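# Coordinates in review
Single-letter residue listing:
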Amino acid sequence: EHELKAVLTFWDNNSLDEEHTGYLTCVDYDGTIYDTTKYCELQAQQTYMYAKLYNCTDVYHTEEMLSSAKLGGEFLLRHAYRATDSRCYYAVTREGKPISVRPNMNTEVYFVMALFELHY
């Protein structure tokens, strides 16, 4: 429990992007952001983690945890999904502008898992 709390505190303090939604995931050990590119696979994994903790634990069933999960869910829905071909971008800018798509379906799998857990 102590380790989980320490990890969550680190990510809550350093990765939540209140300005553009989603998360800043290229974070050094000291909390320094070294790249603002948002990798949608990581956005989805972090969204899933927050939503899972909110849904499945009493201690993390809080408005803060739900808010953190929704921050990622909003970003994924607005910027990761491509309606033209039902694919997801692999990487986007901090603001959500497309950078690249991967040939495999990993990002789409995590996208679905995150939104399912968030009940979107």
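See the structure above.
Bear in mind the structure is a predicted one, so any value in this text is a computation, not a measurement.

Check the secondary structure of the chain and you find 4 helices and 7 strands. Starting at the N terminus, the α and β elements of the chain follow one another as α-β-β-β-α-α-β-β-β-β-α. Relative to the globule expectation of 14 Å for 120 residues, the C-alpha radius of gyration of the chain, 14 Å, shows essentially globular dimensions. Over its C-alpha atoms, taken along the principal directions, the chain stretches across nearly 40 × 30 × 25 Å. Considering the chain as a whole, with its 120 residues, one finds that 42% of them fall into the buried category. Long-range pairs, those at least 24 residues apart, make up 51% of the contacts in the chain with a sequence separation of at least 6. A total of about 6,800 Å² of accessible surface is found on the chain, and carbon and sulfur atoms cover 55% of it.

What follows covers the sheet that holds strand 7 (residues 98-100). Here we have 3 strands laid out as an open sheet, ordered 3-6-7, and antiparallel in their pairing. Of all strands in the sheet, those bounded by a partner on one side alone are strand 3 (38-39) and strand 7. In this sheet, strand 6 (residues 91-92) lies alongside strand 3 in antiparallel orientation, the contact comprising 2 bridges. Its bridge partner being in strand 6, Y39 is matched across the sheet by A91.

Bringing helix 2 (residues 40-56) into the picture now. The first and last C-alpha atoms of helix 2 sit 24 Å apart over 17 residues, in line with the 24 Å expected at 1.5 Å per residue. Considered for burial, the residues of helix 2 that qualify are C40, E41, Q43, A44, Q46, T47, Y50, A51, L53 and Y54. Taken together, the buried residues of helix 2 touch helix 1 (2-14), strand 3, helix 3 (63-80), strand 6 and helix 4 (106-118).

Our focus in this paragraph is the nonpolar core. Formed by L8, Y23, Y50, A51, L53, Y54, Y60, M65, L66, A69, L71 and L118, the largest nonpolar core amounts to 12 residues. Residue assignment for this core shows that the elements contributing at least two residues are helix 2 and helix 3. The next biggest cluster of nonpolar side chains, apart from the first, holds 11 residues, and it includes L76, Y89, A114 and L115.

With respect to the element layout, N55 can be found in helix 2. Residue N55 is classed as partly exposed on the basis of its relative accessible area of 30%. Taking C-alpha positions, N55 is 21 Å from T21, a pair spaced 34 residues apart along the chain. Setting aside residues up to four positions removed in sequence, N55 forms contacts with E117 and H119. At 3.5 Å, the side chain of N55 and the side chain of H119 are in polar contact.

Okay, the packing of helix 1 against helix 2 next. Here helix 1 crosses helix 2 at 130°, and the two axes come no closer than 13 Å. Looking at the two axes, helix 1 sits oblique to helix 2. Between helix 1 and helix 2 lies a crossing whose hand is left-handed. Each of L4, L8, W11 and D12 in helix 1 lies in contact with helix 2, whose residues at this interface are Q46, M49, Y50 and L53. Among the residues forming the contact of helix 1 with helix 2, the class breakdown is 6 nonpolar, 1 polar and 1 charged.

Rules behind the numbers
Residues numbered from 1 in each chain as written. Predicted model: local features only at pLDDT ≥ 70, side-chain atom pairs only at ≥ 80, totals over all residues. Heavy atoms only, no water. Helix = DSSP H or I, 4+ residues; strand = E, 2+ residues; numbered from the N terminus. Rg over C-alpha atoms; globule rule 2.2 N^0.38 Å. Buried < 20%, exposed > 50% of the residue type's maximum accessible area, 1.4 Å probe, protein only. Contact = heavy atoms within 4.5 Å. Areas by Shrake-Rupley, 256 points an atom, 1.4 Å probe, with all protein chains shown as cover. Pairing = 2+ DSSP bridges. Expected span 1.5 Å × (residues − 1). Core = buried A, V, L, I, M, F, W, Y, C linked by side-chain atoms within 4.5 Å. Polar contact = N/O pair within 3.5 Å; in protein donor to acceptor, adjacent residues only side chain to side chain. Axes fitted to C-alpha atoms, helices over the stretch in contact; angles between N-to-C directions. Parallel < 35°, antiparallel > 145°, perpendicular 65-115°, else oblique. Left-handed = near helix turned anticlockwise from the far one by under 90°. Nonpolar A, V, L, I, M, F, W, Y, C, P; charged D, E, K, R; others polar.

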